[in-house]
Amino acid sequence: MEDYIVRATAAQGTVRAVAAVTTNMVREARNIHELSPLASVALGRTMTAAALMSTFLKGTKDTLTLQIKGDGPLGGIVVVSDVNANVRGYVHNPLVHLPLNENGRYDVAGAIGKNGYLNVIKDLGLKEPYIGYVKLISGEIAEDITYYFASSEQIPSAVALGVLTNSEDLIQSAGGFIIQLMPDAEESTISNIEQKISTLPSLTKLLSEGKTPEDILELVLGEMNLKIGEKTSCQYKCNCSRERMERGLVSLGKEEIESMIKEQHGAETCCHFCNSKYQFSENDLVSLLENF
Ligand SMILES: [Zn+2]
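Criteria and cut-off values
- Residues numbered from 1 in each chain as written.
- Predicted model: local features only at pLDDT ≥ 70, side-chain atom pairs only at ≥ 80, totals over all residues.
- Heavy atoms only, no water.
- UniProt positions renumbered as here; feature names shortened; annotations may be inferred.
- Phe/Tyr/Trp six-rings, centres within 6.5 Å; stacked < 30°, edge-to-face > 60°.
- Buried < 20%, exposed > 50% of the residue type's maximum accessible area, 1.4 Å probe, protein only.
- Lys NZ or Arg CZ within 6 Å of the ring centre and 35° of its normal.
- Pairing = 2+ DSSP bridges.
- Helix = DSSP H or I, 4+ residues; strand = E, 2+ residues; numbered from the N terminus.
- Axes fitted to C-alpha atoms, helices over the stretch in contact; angles between N-to-C directions.
- Contact = heavy atoms within 4.5 Å.

With an unreviewed UniProt entry as reference, the chain is termed 33 kDa chaperonin, source organism Acetivibrio clariflavus. UniProt annotates the chain under Subcellular location (unreviewed entry) with the comment "Cytoplasm". Quoted straight from UniProt, the Function (unreviewed entry) entry for the chain says "Redox regulated molecular chaperone. Protects both thermally unfolding and oxidatively damaged proteins from irreversible aggregation. Plays an important role in the bacterial defense system toward oxidative stress."

Trainee: Any chance you could explain the packing of aromatic side chains here in plain terms?
Mentor: Ring pairs (aromatic) are described by centroid distance and by the angle formed between their planes. Counted according to the given criterion, the structure contains four aromatic pairs. Measuring from centroid to centroid gives 5.4 Å for Y148 and F149, while their planes differ by 55°, and the two rings are tilted. Take Y148 and F149: they sit in the same class, and that class is buried. An aromatic cluster of three or more residues is present, and its members are F56, Y148 and F149. When the ring centre of F273 is taken as origin, the NZ or CZ atom of R88, which lies over that ring, is 4.9 Å away.

Trainee: Where do I start with the sheet that holds strand β10 (residues 227-233) in this structure?
Mentor: In a beta sheet, neighbouring strands are held together by backbone hydrogen bonds and run either parallel or antiparallel to one another. Reading across the sheet, the five strands line up as β8-β9-β2-β1-β10 and stay open at both edges, with antiparallel pairing between neighbours. A single partner strand is all that each edge strand has here, and the edge strands are β8 (157-165) and β10. For this sheet the average axis-to-axis angle between neighbouring strands, irrespective of direction, equals 10°. Where strand β1 (residues 4-10) meets strand β2 (residues 15-21), seven bridges bridge the pair, whose relative direction is antiparallel. From the neighbouring strand, T9 faces β2, where its bridge partner is R16. Against the sheet, helix α2 (residues 37-54) touches β1, β2, β8 and β9 (171-181), its axis set at about 140° to β8.

This is the structure in structure tokens:
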């Protein structure tokens, strides 16, 4: 199955929802970064969240960045999505490994650490990007994104993110949903959704049963006049280029480039997001000096 995001509304437009299947995206992230299973789950949840949240962007050049930083052995997570859900990301320690938690699941909260923060950065083409900052409240990511929506955007939300591995620790499926209440949502709608969510099986269980994003939205919102809308693709895609890497080198400053010429007679840069390597010869570096 191809990865995709489906948009929906319910309760006469007073509820908006997005749900996604992101299995291929998470597999790609795992292959690129050679992630441990635990790191795959942590990055996969965050990438799924970014893909879902990218549907709330408006401008064609808008981007969304999720930064999670904690004091656990994973170090941190960075994920960027554009408005078309081209998502890229990395973790600081891709080999992190911890025992399963008391529920027998990957200990994402333990990997991220108790003390930390989530930054949601939206570059909307304005002079300054929008930055929403919240302290981590669980480290399991979905709860932290829910808390971000409540405290920074004042939007009551239900967020579920799941990455399911099989017995060989390979990614079997991944996905998630965000359901949000608009300001005119009625009390009965709110209590209805709360009741549905409280009895909903875990997302990894739903994924293991082969439920599609539409199926999952139907389970929560099916009795609330659910209207399934546009379906769009999402994928792992980096936007790095030689020009971008050149700008990165230039930003290091003239002296740094001069010392690369003198000491290494060239430079190699590597993209954090896709591990692509770019070679710069001594002549390339000399011509970069013309920028100063
Ligand atoms: Zn790249």
